[in-house]
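# Descriptive structure summary
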Amino acid sequence: MKTKDFHRTLLLIMTLIVSLSGYSQTQIDGIFYQLNSDKKEAKVTYHNKPPYRKYRGEISIPSTVTHNDTLYTVTEIGYRAFCGCNLLTSVTIPNTMKIIGEDAFYECDSLRTITIPEGVTTIGEHAFQNCRTLPSVTFPNSLRNIEKGAFENCEALTSISIPEGVTSISKHAFGFCYNLASVSLPKTLTSIDDDAFSGCDKLNLITLPKNLTKIGNYAFDGCNLKKVICNSITPPEISSNTFFQYNDLYVPKGCKNKYKQSELWSKFKIH
């Protein structure tokens with residue numbers, strides 16, 4: 001197949017996929033959307049045709065948009081919607097939003113203000129990775145999923161409080177957030193995956209919730225943890241490289257011997 005024919009075929013396939021999914025792209029007030037005519041929902045996206053344009057400055061996403069006299073509710077920031085927009089400084093997200101998709105704000109080097117509203121349930125893989133100037137993030141109570149690498153290399157982050165309802169912190173979720181010094185974990189948390197907080201060298205205290213059952217490989221590697229408070233009655237499953245240091249460990253009353261009998265937890269000074 002000739003190159004020109006191949007590209008034409010590929011374009012037809014992509015157009016067909018978009019058509020079958022009920023989505024079409026349009027620009028409204030400077031923001032690009034994929035519109036789902038079946039569900040009357042809109043997904044924020046990027047300009048997918050030459051000349052490609054990037055978002056910059058302050059962006060305010062509306063809760064609804066109108067196209068051809070039809071009202072659409074904005075429910076998602078799609079795959080790579082703001083990816084690489086290094087002149088983007090601020091984004092206002094409406095409370096109709098449910099999903100912040102994969103790579104949505106990847107490498108937005110100048111992003112300094114973001115508020116994630118109630119209603120958002122999922123922050124996708126690498127959604128804010130390499131947003132190196134983002135100083136803080138507030139999570140909504142509706143949040144349930146923080147996916148792989150969502151905030152990796154967010155070097156300006158100093159503290160996070162993960163809401164109740166989140167049960168797992170995915171791989172690399174907050175890895176190499178060098179200035180992250182304060183982390184609050186929910187009681188609902190049951191697992192911390194591999195490398196979740198690796199390289200957070202200013203993190204010197206962590207309180208692990210009662211329902212936690214497993215902490216993955218290198219989850220706290222490179223963290224200068226001077227004090228670990230573990231509220232779990234049964235020692236959570238860990239590996240030989242979960243922790244970088246073994247200093248003071250505080251466990252529930254009456255559980256000291258359980259932790260001493262654990263080959264790996266016994267490396268700590270147990271109180």
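Look above for the structure.
Here the structure is a predicted model, which is why all the values come from computation and not from measurement.

On to the sheet that holds strand 4 (residues 57–60). Two pairing modes exist for strands in a sheet, parallel and antiparallel, and in both the strands are linked by backbone hydrogen bonds. Ordered in space as 4-7-9, the 3 strands form an open sheet in which the pairing is parallel. Where the open sheet ends on each side, the last strands, each with one partner, are strand 4 and strand 9 (113–115). Across the sheet, the mean angle from the axis of one strand to that of its neighbour is 20°, orientation sign disregarded. Note that strand 7 (residues 88–92) and strand 9 share 3 bridges and pair parallel. Its bridge partner lying in strand 9, valine 91 is registered against isoleucine 114.

As a further point, take the sheet that holds strand 20 (residues 269–270). With respect to topology, 4 strands assemble into an open sheet ordered 16-18-19-20, the strand pairing being parallel. Pairing within the sheet leaves two strands with one partner each, and these edge strands are strand 16 (205–208) and strand 20. Bridge count for strand 19 (residues 248–250) against strand 20 is 2 bridges, and the pairing is parallel. Note that in strand 20 the partner of aspartate 248 across the bridge is lysine 269.

Rules of the game
Residues numbered from 1 in each chain as written. Predicted model: local features only at pLDDT ≥ 70, side-chain atom pairs only at ≥ 80, totals over all residues. Heavy atoms only, no water. Pairing = 2+ DSSP bridges. Helix = DSSP H or I, 4+ residues; strand = E, 2+ residues; numbered from the N terminus. Axes fitted to C-alpha atoms, helices over the stretch in contact; angles between N-to-C directions.

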